[in-house]
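In case you want the letters, here they are:
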Amino acid sequence: MSNGVGSPTLLTGEAPVFDTSAFDSQPLFPSAVWHQSGGEQYTWTDIWLTNHIAMAIIGAVIVIGFWLIVSHNMKIVPSRRQWFGEYVYNIIRNGVGRSMIGDGYQRFVPWLLALFCFILVNNWFGEFFPFMFPTFAKIGFAWGLALMTWLLYNYVGIRRNGFGHYMKKMTIPAGVPKPLLLLVTPLEFISNFLTRPITLGIRLFANLFAGHLMVLIFVVGGTYLLTYTDNLPYNLAGGASLLMSFFIFALELLVGFLQAYVFTVLTAQYVSSALSDEH
Amino acid sequence: MTLLEASGPLGPLLPAHLSEFVVGIVLFIVIIVVMRKVIVPRFETMYSRRIDEIRGGMDRAEKAQAAAKAALEKYQGQLANVSSEAASIRDQAKADGLQIQAQLRDAAQTEANRIVDSGRNQIAAERTHALEGLRKDVGAMATALAGRIVGQTLDDDARVNQTVDNFIKSISDDTKAGAIRSSTNSSTK
């Protein structure tokens, strides 16, 4: 799906033109209108059914399918399939939910589990065929999840404490001298209500975006150098670059997992702080 | 909104399409709903069943242990009862034996006394009988002796003495024979 990358002009020695079209969404089924107008006009399917949206949908189907399969016909003594499901489930349920939120964590387990799995699968799309593109390198998806987390922790915080008390708790830390509050309160407000969702979204997006860019550079650049005519050092460097890309792929697998986990842990952390009695 | 990369002041930080943002949220909500309605209840139900099972297993084991202990105590108690019972039965038997021995001894003594008494009575009866017989005989013998003495000459002292001696001797012989027959002391004088 990441077609048209760079399109290095082989055999000419011209520097490749590296554009960002690899990250562009394309209509999955380009309409006649879109084609005729040279991509300037579109029908609703051109926007609502792009390649990346299709990936996100497939990712969701994979997540739901996985959990339906591993949780099918559960036994007290688990099968290998169920054991694997329990293993993943417990990472989120106990490792994130129970240890971060504490009492009453059960009600957030579906949310955290959905968050973690949805991000993880879409991140790993970047390393696997047929997509070879991490969905969250499109920032729209990352903003969506960040907004959901923001809504979640503010909602539960307000429900638990009441709006006034919640705002007070989130902006006026206990034990701060009154004059300092002039400084601290705006900072706390920015930190708790603006920075949190923005960093969540950007962290996820930027990691995946940069990771995919790295892969592109090593693969495309390596291919370009490897196929460069009559220049052995270029060719060697290109080979090395392609070999290096495998390492980058492995790294991206780790980053994909880590970002999914971090997003989930931070969501749990925010919920926990919104629910806590003391700031 | 264009289909190409957004190039506003935010650069790539602005979504290329609002559709990504919306679809991302919708898909996420769909997954949450499935998790909440299906997946998590399945896991939690199974977990609580597993906990019940483990707890139930422990309870059952505890119950079995208690039952085994009770049975052990019961059998030990029974064993103690049995041995004390055996001891009491032994004592009883010993007492019974002694009693039976005493009874038998008494019975034997009584029987012996009875036999002795009946023997004595018989002897006494025979003695009476012998005495009566002797009395009758003595009269007859005296008569016979007198007849014999009268039939001979009284001058001849030697003959008279001999006759008396013979008579006494014959009585004596009779007496001896009677003594053997009755197996008692001599009833003769």
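Residues numbered from 1 in each chain as written. Chains lettered and ligands numbered in written order. Predicted model: local features only at pLDDT ≥ 70, side-chain atom pairs only at ≥ 80, totals over all residues.

Chemist: Account for the overall build of chain B, with residues named and values stated.
Modeler: Per the secondary structure count, chain B includes two helices and zero strands. Every one of the 189 residues in chain B was classed for burial, and the buried ones make up 9%. Restricting the contact set of chain B to residue pairs at least 6 apart, pairs at least 24 apart contribute 38%. (Helix = DSSP H or I, 4+ residues; strand = E, 2+ residues; numbered from the N terminus. Buried ≥ 20, exposed ≤ 12 C-beta atoms within 10 Å, placed from the backbone. Contact = placed C-beta atoms within 7 Å.)

Chemist: So what's going on with the overall build of chain A? Which residues, and what values?
Modeler: Looking only at helices and strands, chain A features nine helices and zero strands. Taking all 279 residues of chain A together, the buried fraction comes to 38%. Look at the contacts in chain A between residues 6 or more apart in sequence, and 61% of them connect residues 24 or more apart.

Chemist: Tell me about helix α4 (residues 80-101) of chain A, and please be specific about residues and values.
Modeler: Residue and element names in this part refer to chain A. Along its 22 residues, α4 runs 29 Å from first to last C-alpha, staying within 8% of the 32 Å computed at 1.5 Å per residue. N90 marks where α4 bends most, by close to 35 degrees. All of the buried residues in α4 are Q82, G85, Y89, I92, R93, V96, G97, M100 and I101. G102, located one to two residues past α4, shows a positive phi value of around 80 degrees. (Expected span 1.5 Å × (residues − 1). Bend = angle between axes of the 7 residues up to and from the residue.)

Chemist: Explain the nonpolar core residue by residue, including any values.
Modeler: Grouped together as the largest cluster of nonpolar side chains are 73 residues, with contacts concentrated most on A:L112, A:L113, A:A114, A:F118 and B:I31. If you list the elements that add at least two residues to this core, you get α3 (51-70), α4, α5 (109-124), α6 (139-161), α8 (178-226) and α9 (232-275) of chain A together with α1 (18-151) of chain B. (Core = buried A, V, L, I, M, F, W, Y, C linked by C-beta atoms within 7 Å.)

Chemist: If you had to explain the interface of chain B and chain A to someone new, which residues and values would you point to?
Modeler: Every contact between the two is made by 30 residues of chain B and, on the other side, 39 residues of chain A. Its residues assigned to classes, the side of chain B that touches chain A comprises 20 nonpolar, three polar and seven charged. (Nonpolar A, V, L, I, M, F, W, Y, C, P; charged D, E, K, R; others polar.)

Chemist: Tell me about unusual backbone geometry, and please be specific about residues and values.
Modeler: Residues and elements named next belong to chain A. For the bond running from F129 to P130, omega is 5 degrees, close enough to zero to count as cis. In this structure, P130 sits in the loop between α5 and α6. Unusually for a residue other than glycine, N73 sits at a positive phi of about 50 degrees. With respect to the helices and strands, the residue N73 is situated in the loop between α3 and α4.

Chemist: Any chance you could break down the packing of α6(A) against α8(A) for me, citing the residues and the numbers?
Modeler: All names here are of chain A. Across the interface, α6 lies against α8 with an axial gap of 8 Å and an inter-helix angle of 145 degrees. The way α6 lies across α8 gives a crossing that is right-handed. Here α6 contributes I139, A142, W143, A146, L147, T149 and W150 to the contact with α8, which in turn contributes R196, P197, L200, G201, L204 and F205. (Axes fitted to C-alpha atoms, helices over the stretch in contact; angles between N-to-C directions. Left-handed = near helix turned anticlockwise from the far one by under 90°.)

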